[in-house]
Amino acid sequence: MKETEISKHTISVLVDNESGVLARVIGLFSGRGYNIESLTVAEVDADAHQSRITVVTSGTPMVIEQIKAQLSRLVPVHKVSDLTLAGPSVERELALVKVIATGEKRVESLRIADIFKARAVDATNNSFVYEIIGSPEKIDAFIKLMAPLGLSEISRTGVAAISRGTLTM
């Protein structure tokens, strides 16, 4: 990879689950002009009071290294892992997608949902809310196909990611 080539990276950060930690992590990005494309956070170990923050960001190799180094220096951070470079990983996201349609467009939205294994979690005479789980690319493709059928609203969780195999944080 060239030094000036921008690529997307999924970075996982293990932190203390305490007030203000997320603000410090976000502040690191915003204070230096780094963009956050996706951000998820949840407690992963209640006994140790630790949370996992998963950030998807883009940058040159030098920028990504700076981000990881700066994250590592934050006081409540225990570990920083670049899942993009660490080897194979699994990334999943959940989206709720509302489609307002009648007639053939309504039927077509059901067909597409079935192909993508999306589930109708709400239905009225004029609308569906679909739940879809998968890679960000799968969700993007589903949304693109729903757009001409009456797509009206989208809510996405952001990426949750973990390394495959025996590799751990």
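What you are looking at is a predicted structure, and each value in this text was computed from that prediction instead of being measured.

Draft legend 1. Region of the structure containing unusual backbone geometry. Even without a glycine there, the phi angle at His49 is positive, about 55 degrees. Tracing the backbone shows His49 in the loop between strand E2 (36-45) and strand E3 (50-59). If you check the backbone angles, Lys117 has positive phi at about 60 degrees while not being a glycine.

Draft legend 2. Region of interest: the nonpolar core. In this structure, Val13, Phe29, Ile67 and Leu71 are the most contacted members of the largest nonpolar core, which totals 17 residues. Breaking this core down by element, the ones donating at least two residues are strand E1 (7-16), helix H1 (21-31), E3, helix H2 (61-73) and strand E4 (77-82). Excluding its chain neighbours within four sequence positions, the residues that come into contact with Leu71 are Ile11, Val13, Val25, Leu28, Phe29, Val77 and Val80. Judged by nonpolar contacts, the second largest core, of 16 residues, contains Ala101, Ile112, Phe116 and Phe142.

Draft legend 3. Quick peek at the domain arrangement of the protein chain. Here the protein chain is partitioned into domain 1 (7-86) and domain 2 (90-162). Computed over C-alpha atoms, the centres of domain 1 and domain 2 are 29 Å apart. Across the boundary between the two partners, domain 1 contributes eight residues, which contact seven residues of domain 2. For the pair domain 1 and domain 2, the summed buried surface comes to about 500 Å²; carbon and sulfur atoms form 50% of the total. Among the residues domain 1 hides against domain 2, the three largest losses belong to Thr10, Thr40 and Arg52. Together they make up 51% of the total. Taken together, the connections running from domain 1 to domain 2 amount to zero salt bridges. At the level of secondary structure, the elements contributing two or more residues to the side of domain 1 that touches domain 2 comprise E2 and E3. Looking at side-chain class alone, the side of domain 1 that touches domain 2 contains three nonpolar, four polar and one charged residues.

What counts as what
All residue numbers refer to positions counted from 1 along the written sequence of the respective chain. The predicted origin of the model limits local features to residues at a pLDDT of at least 70 and limits the giving and counting of side-chain atom pairs to 80 or more, whereas totals for whole chains, interfaces and linings rest on all residues. The side-chain figures draw on all heavy atoms in the structure; neither hydrogens nor water molecules are used. Going along the chain from the N terminus, every DSSP run of H or I of four or more residues is numbered as a helix, and every run of E of two or more is numbered as a strand. Among buried residues, the Ala, Val, Leu, Ile, Met, Phe, Trp, Tyr and Cys ones that are joined through side-chain atoms within 4.5 Å form a nonpolar core. Throughout this description, buried means an accessible area under 20% of the type-specific maximum (1.4 Å probe, protein chains only), exposed means over 50%, and partly exposed covers the range between. Any two residues having at least one pair of non-hydrogen atoms within 4.5 Å are treated as being in contact. An automatic or database domain assignment is the source of the domain bounds shown. Buried area: the accessible surface (1.4 Å probe) lost by two parts on joining, summed over both. A side-chain nitrogen of Lys or Arg and a carboxyl oxygen of Asp or Glu constitute a salt bridge if their distance falls within 4 Å. Classification used: nonpolar for Ala, Val, Leu, Ile, Met, Phe, Trp, Tyr, Cys and Pro, charged for Asp, Glu, Lys and Arg, polar for all others including Gly.

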